[in-house]
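Residue-level listing of the chains:
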Amino acid sequence: MFWPISMFAQDISEQVNIKEYDFSGFNVNGLEIGDYNKLYSEQDIIDAFGQPYSISFDPGLGYLYDFGEDISEDKTDTQGILKNGRIHTVGLSFLRGYFNDDSCGPIPAIDIWDRNSCIVNGFIRVGDNVDKIKQMGGHCIEYDYGDSSRFAGELIWCPSGWGNADWIVCPKFYFDSNRKIVLISIWVY
């Protein structure tokens, strides 16, 4: 069981002109993730993320896109993965045909491991200090993982436009012992 170590609404440690950003939702490379009202085509995904390394289909999860090859033998070696780039860049789920339209659908889930390929809300990336998330407003809750060999903790962020959404559907930012983000993830099924 994980115990929350802090809960806060907004704490600005660096001054940022937040008027130029929209932190009311969760978008990656310009596409809203987890919002079933936003429908995209496969071409929209390719335009935002590039050509996928592989596409597979799972009846429960939809179309799964991997951008970059996972060649890591030890997936628990977070520092090695970050330094050597030895894991897929991005993995996302696409529910093409969700609204009886075979060409479009929402993107309910994404995992981001790479700093260079993705930017969240035009503001935050893998490798940034996790405390930067506090500048986006909304609500946050942080968990310390203690002795975990993979991550030191996670910060869950609820965007301001989501009201009091259930924490389970909010974006998660996993960080290492230096408080650097190593994985950004959301799963809204």
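Please read all numbers here as calculations on a predicted model, not as lab measurements.

Asks: Go over the pattern of salt bridges, please, and point to the residues and values.
Replies: Counting across every chain of the model gives six salt bridges. Here glutamate 42 ties to arginine 96 by a salt bridge, and the two come within 3.9 Å at their closest N and O atoms. Pair noted here: glutamate 42 is in helix α1 (residues 42–49) and arginine 96 is in the loop between β7 (90–94) and β8 (104–105), with a separation of 54 residues, a long-range link. Among the residues examined, glutamate 42 registers a relative accessible area of 27% and is labelled partly exposed. Exposure remark for arginine 96: the relative accessible area of 25% places this residue in the partly exposed category. In this structure, arginine 179 engages aspartate 131 in a salt bridge whose closest nitrogen and oxygen atoms are separated by 2.8 Å.

Asks: I'd love a proper account of unusual backbone geometry, names of residues and values included.
Replies: With phi around 50°, asparagine 29 is a residue other than glycine that occupies positive phi space. The class for asparagine 29 is partly exposed, based on a relative accessible area of 22%. Look at arginine 179: it is not a glycine, yet its phi comes out positive at around 65°. Along the chain, arginine 179 falls in the loop between β12 (172–175) and β13 (181–187).

Quick notes on the rules
Sequence order sets the numbering: in each chain, residues are counted from 1 along the sequence as written. The predicted nature of this model means local features are confined to residues of pLDDT at least 70 and side-chain atom pairs, given and counted, to a pLDDT of 80 or more, with totals for whole chains, interfaces and linings taken over all residues. Working from all heavy atoms in the structure, the side-chain values ignore hydrogens and water. When a carboxyl oxygen of Asp or Glu lies within 4 Å of a side-chain nitrogen of Lys or Arg, that pair is called a salt bridge. Helical segments are the DSSP runs of H or I of at least four residues, strand segments are the runs of E of at least two, and each set is numbered from the N terminus. To sort residues, take the accessible area from a 1.4 Å probe on protein chains only and compare it with the maximum for the residue type: under 20% means buried, over 50% means exposed, and anything in between is partly exposed.

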